[in-house]
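Chains, contacts and geometry: an overview
Listed below, chain by chain, are the residues.
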Amino acid sequence: MSRSLATGSLLLVLALFVWAGMVGGISFLEAPLKFTAPHITVPLGLGIGRIVFAALNKAELLLAAVAVGSAVYVRVPAHLAGALGLLSSILLLQTFWLLPALDVRALALLAGRPAPPSSLHMVYIGLEVVKLLTLLLTGSWAFRWTLQAAREQSLNRRAGQLAA
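So, a few notes on the structure that sits alongside this text. (Residues numbered from 1 in each chain as written. Predicted model: local features only at pLDDT ≥ 70, side-chain atom pairs only at ≥ 80, totals over all residues. Heavy atoms only, no water.)

1. With respect to the packing of helix H3 (residues 78-110) against helix H4 (residues 120-163)
Where H3 meets H4, the axes come as close as 10 Å, and the angle between the chain directions of the two elements is 155°. Taken together, the axes of H3 and H4 are roughly antiparallel relative to one another. When you trace H3 past H4, the crossing you get is left-handed. In terms of residue class, the contact of H3 with H4 is built from 22 nonpolar, five polar and three charged. (Axes fitted to C-alpha atoms, helices over the stretch in contact; angles between N-to-C directions. Helix = DSSP H or I, 4+ residues; strand = E, 2+ residues; numbered from the N terminus. Parallel < 35°, antiparallel > 145°, perpendicular 65-115°, else oblique. Left-handed = near helix turned anticlockwise from the far one by under 90°. Nonpolar A, V, L, I, M, F, W, Y, C, P; charged D, E, K, R; others polar.)

2. Structural notes on the pattern of salt bridges
One pass over the structure, following the stated rule, counts four salt bridges. The salt bridge partner of Glu128 is Lys131, with a shortest N-O separation of 2.7 Å. Taken together, the positions of Glu128 and Lys131, both in helix H4 and three residues apart, correspond to about one turn of that helix. (Salt bridge = Lys/Arg side-chain N within 4 Å of Asp/Glu carboxyl O.)

3. Quick notes on helix H2 (residues 42-74)
Look at H2: 46 Å from first C-alpha to last across 33 residues, which is about the 48 Å you get at 1.5 Å a residue. A distance of 3.2 Å separates the backbone nitrogen of Leu44 from a side-chain oxygen at the start of H2, and that oxygen is part of Thr41. Backbone geometry just downstream of H2 places Arg75 in the positive-phi region, at approximately 55°. (Expected span 1.5 Å × (residues − 1). Polar contact = N/O pair within 3.5 Å; in protein donor to acceptor, adjacent residues only side chain to side chain.)

4. So, the packing of helix H1 (residues 3-34) against H2
For the pair H1 and H2, interaxial distance at closest approach is 8 Å and the crossing angle is 160°. Taken together, H1 and H2 sit at an angle that is classed as roughly antiparallel. Seen from above, H1 lies across H2 with left-handed handedness. Looking at the contact of H1 with H2, its residues break down into 23 nonpolar, seven polar and three charged.

5. Remarks on the environment of Arg75
Checked against the element boundaries, Arg75 lands in the loop between H2 and H3. Arg75 gets classed as exposed once you look at its relative accessible area, which sits at 71%. Distance in space between the C-alpha atoms of Arg75 and Leu5 is 9.3 Å, their sequence separation being 70 residues. (Buried < 20%, exposed > 50% of the residue type's maximum accessible area, 1.4 Å probe, protein only.)

6. Digging into the packing of aromatic side chains
Following the criterion strictly, the structure yields one aromatic pair and no others. Where Phe53 meets Tyr124, the ring centres are 6.0 Å apart and the plane angle is 80°; that geometry is what we call edge-to-face. One end of the pair, Phe53, is in helix H2; the other, Tyr124, is in helix H4, with 71 residues separating them in the sequence. Like Tyr124, Phe53 is buried. (Phe/Tyr/Trp six-rings, centres within 6.5 Å; stacked < 30°, edge-to-face > 60°.)

7. As for H1
Side chains of residues three or four places apart in an α-helix project in the same direction, reflecting 3.6 residues per turn. Spanning 32 residues, H1 covers 43 Å between terminal C-alpha atoms, matching the ideal 46 Å at 1.5 Å per step. The largest bend in H1 amounts to roughly 30° and is located at Ile26. (Bend = angle between axes of the 7 residues up to and from the residue.)

Structural data, given as structure tokens:
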């Protein structure tokens, strides 16, 4: 495997697993635990959550761009491209619909206006579960694909040396 393809493959795998770690750590650890800390009120937790999830979203967009760019560069197989398409779709849905809608609700609550019941949080959590599982699966596929491509190239190089 050429150095540039190896670098592209490494960037793809790293972007997927760093992204998965951030989603797991923030969405499934920090967010729920924040409200169990002493002296954290709902308004304080909402304020912190808005900042943290806005930052997470920006980091996710960057990592998604690195993953997709790397995948295009190394020409990943269709199943990896499809999984990256699913991940990108979820992220764009969250970026342009869910996060703004949740932000409006948080701002209303912070202003003292109770928001009507909504299933937006459950939709967001459901998409986070799908996204995290897809990130882990896609990262594993990308890692295995990279190893297989490197092995095949090494075998082809050895066969060429033996034939010469």
